[in-house]
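# Analysis of the macromolecular model
So the chains spell out like this:
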Amino acid sequence: MEFLTDILLLSDSAIRIAAPLILAALAGLCAERAGIVDIGLEGKMLAAAFAAASAAAITGSPWAGLLSGILVSVMLALLHGYVSINQRGNQIVSGMAINIMVAGLAPTLANAWFSRGGQTPLLDSEARFNEITLPLADLLQDVPLVGAVYSNLLSGHSFLTYLAFLMVPVVGWILYRTRFGLRLRAVGENPEAVDTAGISVTLLRYQAMIIAGILCGMSGSALSTALGAGFIRDMSAGKGFLALAAMIFGKWKPVPTLLACLLFAFVDALQGRLQGVSLPLIGEIPVQFTIMLPYVLTVVILAGFVGKMEAPKASGIPYEKDR
Amino acid sequence: MSAVPAKLPTVLESLLMPFLNILVALFVSGLVVWGLGEDPFFALGLLIEGAFGYEEAIGYTFYYATNFIFTGLAVSVAFHAGHFNIGGEGQAMLGGLGLTLAVFWLGDTAPLLSVFVAVAGAALFGAGWAFVPAWLQARRGSHIVITTIMFNFIASALLAYLLVGPLQRPGGQMPESSDFPDGAGLMQFHEVLAYFGVSFEQSPLNLSFLIALLAALAVWFLLSRTRFGYEMRVAGKNASAAAFAGVSVPRVTIIALMMSGALAGMMGLNELLGEQLRLIGNFTLGYGFVGIAVAFMGRNHPLGIVLAAILFGVLYQGGAELAFEMPTVTRDLIVVIQGLVILFAGAMPHLLRRPVAALYGRFAGRGAA
């Protein structure tokens, strides 16, 4: 029984931790499906986290925070789009430049605006996305199994967490059930064909970057206004890269990507849980080793123990119309 | 936007264009400084004064440049083979560990020998840390960018563990090792110059700078004068053509990435064996990432990389002085400037190509007429 409770608690925190990962991974998916590699997810997340925390701290409204987070993230996405689409620059270099720029700019601005050593003020409960109790959750609390799963596991997460899970079918629907989605996928596989059909490759790729920016903005806002209560230096801690790995593991498809994110989140929850716990046979694992777990898992997964991974064919290649 | 304009003369191409891109990056940085409520021109003055104003400053500038030569060469060697090694940070950390182990192993009995072993240790451990991502890339097609980034996180945690565990200074509280044994270190320049009777203010600039220049020379030789360098470049340009011509692309990939790791690993020589004389946690401070900018700004040519590294040395040392003089400017701002330089000089090398080409065309046309 205690084991089951443990699993339940771990799954609960995994769902919480997964939200920003899912949103960022979907952002990467939309960009890469349109042929743009977005290694700058990390920077966009961090920028959005900072913008959301700042706006929420000043206005006292998490919605203002979310909006600012999305706005800033979309602007960075457009910058990456400009470099990748118009300038035909190296997309990896551009993404890393954005990551590094934001890692410096966010604490600089935080210092200038709030003078708290590169952080934003701690957000009050009203300025954050708080836990939502789903309907009937209290009533079903004592029903065996259903109560445990519905009331404890599914209920009691923030708006952004539910939004993240909702975005999976939404992105799936856009990509596979709309004309726009078909064109977006085509532009990532064979831009020449899209161009020949008289559809603008440039416009499509910019649209994909805007979608990626919106999703990444939600992801960053979740970090600072739902999971945390304010912006802390380097708070994205490699999550943007983990999200990219999850997207690759999920073979550039929404639902498998969701599952990959949940796996990463579960391992992350597990590593938090293992800290300071003495395990049978092994004893206590030093905290530095438990911290490594998600990163090691990523490498193991990318080592290709899950079959061949086929990226969109035109991903990372700038399109030249008059070639 | 149509095709990029036709070729420009080499001087314009490899000197003027990067210079203009840096100016744009500095201009945007100036806007940020201005936004923070400080005078950007005054800041620029402080930066240049801080980088070149006095002997100690010059020493520091070249000291930082040494790090960037190593990490820039590392990125560049991998890039010539068609790969992105973003793991410079982790490889440098492991290189630092390698040289530390070598120094503690031999330092007490044979300090001079230990320095040579330390140089080899730094390169070996750096190469070793690059091997796993390299092998995974070559044999399993795992995305090298992501695996090397993951290896950065793993290296950082590993170093953190060692420095509060087995390698921590006995009785110490900080995450750092004991001091290296006496004599196990690289001579600093002012000591060398004093030996010849020249006085130069004390600075951490040390013999690693010469090692870095030698490394640049070796990379140039490798790339343009050896068979393997040629195979590397062919594999980097077109893997299937290389394979068709009988080049073992996986083998070339693994060796190139390990050489890249070795170069990144040697960064520790400058920081640890030249200045700190002990192993400290996270001594790499993002130098590995800056290597990307250095490599691209130097157009992936060893000479260009040395020049670009010196420019980044100026930014670093001048920036540190700037942060010291201006209260609203912190070290974080230097990171912003780095990011902007990477963006403009690395990712948008053709930003100002059109106007420059137009101007050049006008002047060249007039000259002919």
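Keep in mind the model is a prediction, meaning the values are calculated, not measured.

### Points about the overall build of chain B
- The helix and strand tally for chain B stands at 16 helices and zero strands.
- Relative to its length of 369 residues, chain B is compact, with a C-alpha radius of gyration of 22 Å against a globular reference of 21 Å.
- Each of the three principal axes of chain B carries a C-alpha extent, and together these read 75 × 60 × 40 Å.
- Burial status across chain B gives 52% buried among its 369 residues.

### Describing the environment of D138 of chain A
All names here are of chain A.
- In this structure, D138 sits in helix 5 (residues 137-140).
- In this structure D138 comes out as exposed when scored by C-beta crowding, with 12 C-beta atoms within 10 Å.
- Separated by 89 residues in the primary sequence, D138 and L227 have C-alpha atoms spaced 23 Å apart.

### With respect to the interface of chain A and chain B
- Residue-level contacts link 39 residues of chain A with 41 residues of chain B.
- Mapped onto the side of chain A that touches chain B, the elements with two or more residues apiece are helix 3 (62-86), helix 4 (91-114), helix 11 (239-249) and helix 13 (287-302) of chain A.
- Its residues placed into classes, the side of chain A that touches chain B shows 25 nonpolar, 13 polar and one charged.

### Points about the nonpolar core
- L21, L23, C30, L215 and A246 of chain A together with I342 of chain B are the most contacted members of the largest nonpolar core, which has 234 residues in total.
- In this structure L23 of chain A touches A164, M167, L215, C216, M218, S219 and A222 of chain A, once residues within four positions along its chain are discounted.

### Focus on the environment of Y150 of chain A
Residues and elements named next belong to chain A.
- Within the fold, Y150 resides in helix 6 (residues 146-154).
- Judged by C-beta crowding, with 17 C-beta atoms within 10 Å, Y150 ranks as partly exposed.
- Sequence spacing of Y150 and G69 is 81 residues, and the spatial spacing of their C-alpha atoms is 31 Å.
- The contact partners of Y150, leaving out residues within four places of it in the chain, are A137, L140 and S155.

Cut-offs applied
- Residues numbered from 1 in each chain as written.
- Chains lettered and ligands numbered in written order.
- Predicted model: local features only at pLDDT ≥ 70, side-chain atom pairs only at ≥ 80, totals over all residues.
- Helix = DSSP H or I, 4+ residues; strand = E, 2+ residues; numbered from the N terminus.
- Rg over C-alpha atoms; globule rule 2.2 N^0.38 Å.
- Buried ≥ 20, exposed ≤ 12 C-beta atoms within 10 Å, placed from the backbone.
- Contact = placed C-beta atoms within 7 Å.
- Nonpolar A, V, L, I, M, F, W, Y, C, P; charged D, E, K, R; others polar.
- Core = buried A, V, L, I, M, F, W, Y, C linked by C-beta atoms within 7 Å.

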